[in-house]
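What follows is the residue order along each chain.
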Amino acid sequence: MSIWFLRHPGEPDLALFAGGESGPITRWRIEAHLDGCDRCRLAVGEFFELRSQVMNLAELPHVEWNTLAAGIHRRAQVERPQPWPAWRWRPAYSAVMAVLLLAAAGLYVSTQPAGAVLDASAGGVELRLASGQVLTFANTAQQQTQVSAGAISARYLDGETGNVTVNRVYAE
Amino acid sequence: MELDKAPQPLELARDREQEFVSANLRRVFLLIYRVVGNQADAQDLTQDAFVKALTRRDQLKDPQKAAQWLGRIAWTTAIDFLRQRKKAALTDLGSIPEPSHLESPERLALRSEKQAYLADGLRLLSERERAALILRDVEGLPAAEVAAHIGCSTATVRSHIANARTKFRKYIKGRKP
């Protein structure tokens, strides 16, 4: 055996050797050293023994695993970030948005300067502003139109369904 | 056990979550329990770790590595707790396993004594050495996986494991009559 093998490996190297974490060269060197060194063989044996003792730390106190798991699921449900509203709620959101848009349009019209012109035709009710902007309530099949100062009322009949739509538009 | 990050039908997602929790619950609890050393805290922190993982699954880059990712969350949860509480105490006699009705009082006493003895030894280790030792020697994970759990290199993990075993060996030799 060369002198190189006579040098004792460090304790950390023996600790890793006992756990099988040494690299191939270190392992080969330690194996060769252990053949002739009782002291290091004893140390490796103690590290093996230590590993088997540490296994006892796997023993856990009594835990209600099902209760613990249920608590996790309950908290995860509550704390999970809410996704975009489900599809079934989308029509309601759309309706609310439409109402808000109409309200905004009404507010816009009501704040326009005097001089707005209201007109009804077979295509719908038009509000022509002095600034040149035109706001149209599109509709078809006009049946009857009533015009008064600053307001217009138009009735539309849907030929297919028989539904009657009344558009009343006021300009102030 | 993987954890899908893509949106799934609600019931399927719930089933996958339950499988994920069941497959990893004991391991996560063991790691946290042995790091913080207290059963009540360990149960709370285990819940915290899983809830973090389940509510932040969009941050999971590789679903194949969900267990490692969860282990990392568990580890940081436990360490943050210890830092906040400035408490590094490990299992004390008051939180040693509760008695089972099937064991004799003598055997129970022996087991409790052994657990307390080992838990005392763990106190000598740093938090990282403790986690590395538990994951490697108790859970049997390879060093590379331990590294992924505690967020350091494999070489550093090997160093932690070697230090932990060396300290523990000295402790055991010192306690022998």
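All of these numbers come straight from a predicted model, not from anything done at the bench.

Enquirer: Looking at this structure, how should I read the overall build of chain B?
Expert: A tally of regular secondary structure across chain B gives 7 helices and 0 strands. Starting at the N terminus and walking to the C terminus, you meet the elements of chain B as α-α-α-α-α-α-α. Within chain B, the fraction of its 177 residues that count as buried is 41%. Once local pairs closer than 6 in sequence are excluded, the contacts in chain B between residues at least 24 apart make up 63%.

Enquirer: Is there a simple way to explain the overall build of chain A in this structure?
Expert: When its secondary structure is counted, chain A shows 6 helices and 6 strands. Counting helices and strands in the order they occur from the N terminus, chain A gives α-α-α-α-α-α-β-β-β-β-β-β. Going through the 172 residues of chain A one by one, you find that 16% of them count as buried. Sequence separation of 24 or more characterises 37% of the internal contacts of chain A that already satisfy a separation of 6 or more.

Enquirer: Honestly, helix α4 (residues 38-54) of chain A in this entry has me stumped. Any pointers?
Expert: Each full turn of the α-helix corresponds to 3.6 residues, which orients residues three or four apart in the same direction. Between the first and last C-alpha of α4(A) there are 24 Å, a value that for 17 residues agrees with the 24 Å anticipated at 1.5 Å per step. Looking at the buried residues of α4(A), the elements they touch are α2 (11-19) of chain A together with α5 (127-138) and α7 (154-175) of chain B.

Enquirer: For this particular structure, what's the right way to read the packing of helix α3 (residues 66-85) of chain B against helix α6 (residues 143-150) of chain B?
Expert: Describing two packed helices takes the angle between their axes plus the distance from one axis to the other. All names here are of chain B. Axis separation between α3 and α6 bottoms out at 6 Å; the angle between their running directions is 50 degrees. Taken together, the axis directions place α3 and α6 in an arrangement best described as oblique. Here Gln68, Gly71, Arg72 and Trp75 of α3 come into contact with α6, specifically with Glu145, Ala148, His149 and Ile150. For the contact of α3 with α6, a count of residues per class yields 3 nonpolar, 3 polar and 2 charged.

Enquirer: Quick question: what am I supposed to make of the interface of chain B and chain A here?
Expert: How big an interface is tends to be stated in terms of accessible area lost as the parts join. At the interface, 38 residues of chain B touch 32 residues of chain A. Of all the secondary structure elements, the ones that give two or more residues to the side of chain B that touches chain A are α1 (10-36), α2 (39-55), α4 (105-122), α5 and α7 of chain B. Residues that form the side of chain B that touches chain A fall into these classes: 18 nonpolar, 11 polar and 9 charged.

Enquirer: Just checking my understanding: could you explain the pairing of strand β6 (residues 164-170) of chain A for this structure?
Expert: Remark: a regular strand shows side chains that alternate across the two faces of the sheet. All names here are of chain A. Both strand β5 (residues 151-157) and β6 contribute to a ladder of 7 bridges, which runs antiparallel. Counterpart to Arg155 in the pairing with β6 is Val166. Remark: 6 residues form the turn of the hairpin made by β5 and β6, two consecutive strands paired antiparallel; Gly162 in that turn has positive phi of roughly 80 degrees.

Enquirer: What's the story with the environment of Ile152(A) in this structure? I'm lost.
Expert: All names here are of chain A. Secondary-structure assignment places Ile152 in strand β5. Given 21 C-beta atoms within a 10 Å radius, Ile152 is considered buried. For the pair Ile152 and Ala120, spaced 32 residues apart in sequence, the C-alpha separation works out to 7.5 Å.

Enquirer: What am I meant to see in the nonpolar core here?
Expert: Side chains that are nonpolar tend, in soluble globular proteins, to be buried together. With 58 residues, the main nonpolar core has Leu31(B), Ile32(B), Ala49(B), Leu70(B), Ala74(B) and Ala132(B) as its most contacted residues. When residues of this core are assigned to their parent elements, the largest contribution, 10 residues, is made by α1(B). Setting aside residues up to four positions removed in sequence, Leu31(B) forms contacts with Gly71(B), Ala74(B), Trp75(B), Ala131(B), Ile134(B) and Leu135(B). Grouped together as the second largest cluster of nonpolar side chains are 8 residues, Leu118(A), Ala120(A), Val125(A) and Val169(A) included.

Enquirer: I'm lost on α3(B) in this one. Help?
Expert: Compared with the 28 Å implied by 1.5 Å per residue over 20 residues, the 28 Å span of α3(B) between its first and last C-alpha is a close match. Among all positions of α3(B), only Ala66(B), Ala67(B), Trp69(B), Leu70(B), Gly71(B), Ile73(B), Ala74(B), Trp75(B), Thr77(B) and Ala78(B) are buried.

Enquirer: What is the right way to read the confidence of the model for chain B from this model?
Expert: Residue and element names in this part refer to chain B. Residues with a pLDDT of 70 or more make up 77% of chain B, whose mean pLDDT is 80. The secondary-structure element of chain B with the lowest mean pLDDT is α4, recorded at 72, while α2 shows the highest, at 92. pLDDT under 50 marks residues 87-102. Its contacts with residues more than four places away, or in other chains, come to 25 contacts. The complex prediction reports pTM at 0.60, with the ipTM value standing at 0.71.

Enquirer: Any chance you could explain the pairing of strand β3 (residues 134-138) of chain A here in plain terms?
Expert: All names here are of chain A. When strand β2 (residues 124-128) meets β3, the two strands line up antiparallel, connected through 5 bridges. Considered in β3, the bridge of Leu127 is made with Leu135. What sits between the antiparallel neighbours β2 and β3 is a turn of 5 residues, in which Gly132 has the positive phi angle 100 degrees.

Enquirer: What am I meant to see in the packing of α4(A) against α7(B) here?
Expert: Interaxial distance between α4(A) and α7(B) falls to 10 Å at its minimum, and their mutual angle equals 95 degrees. Relative to α7(B), the element α4(A) lies roughly perpendicular. Listed contacts from α7(B) to Glu46(A), Phe47(A) and Leu50(A) of α4(A) are Arg165(B), Phe168(B), Arg169(B) and Ile172(B).

Enquirer: Would you mind going over the environment of Ile161(B) with me for this structure?
Expert: Within the secondary structure layout, Ile161(B) lies in helix α7. Take Ile161(B): there are 23 C-beta atoms within 10 Å of it, and that puts it in the buried class. Counting along the chain gives 25 residues from Ile161(B) to Arg136(B), while the straight-line C-alpha distance between them is 7.8 Å. If we skip the residues at most four places from it in the chain, Ile161(B) touches Leu16(A), Gly19(A), Glu21(A), Ala132(B), Leu133(B), Arg136(B) and Ala143(B).

Calculation criteria
- Residues numbered from 1 in each chain as written.
- Chains lettered and ligands numbered in written order.
- Predicted model: local features only at pLDDT ≥ 70, side-chain atom pairs only at ≥ 80, totals over all residues.
- Helix = DSSP H or I, 4+ residues; strand = E, 2+ residues; numbered from the N terminus.
- Buried ≥ 20, exposed ≤ 12 C-beta atoms within 10 Å, placed from the backbone.
- Contact = placed C-beta atoms within 7 Å.
- Expected span 1.5 Å × (residues − 1).
- Axes fitted to C-alpha atoms, helices over the stretch in contact; angles between N-to-C directions.
- Parallel < 35°, antiparallel > 145°, perpendicular 65-115°, else oblique.
- Nonpolar A, V, L, I, M, F, W, Y, C, P; charged D, E, K, R; others polar.
- Pairing = 2+ DSSP bridges.
- Core = buried A, V, L, I, M, F, W, Y, C linked by C-beta atoms within 7 Å.
- pLDDT = per-residue confidence, 0-100.

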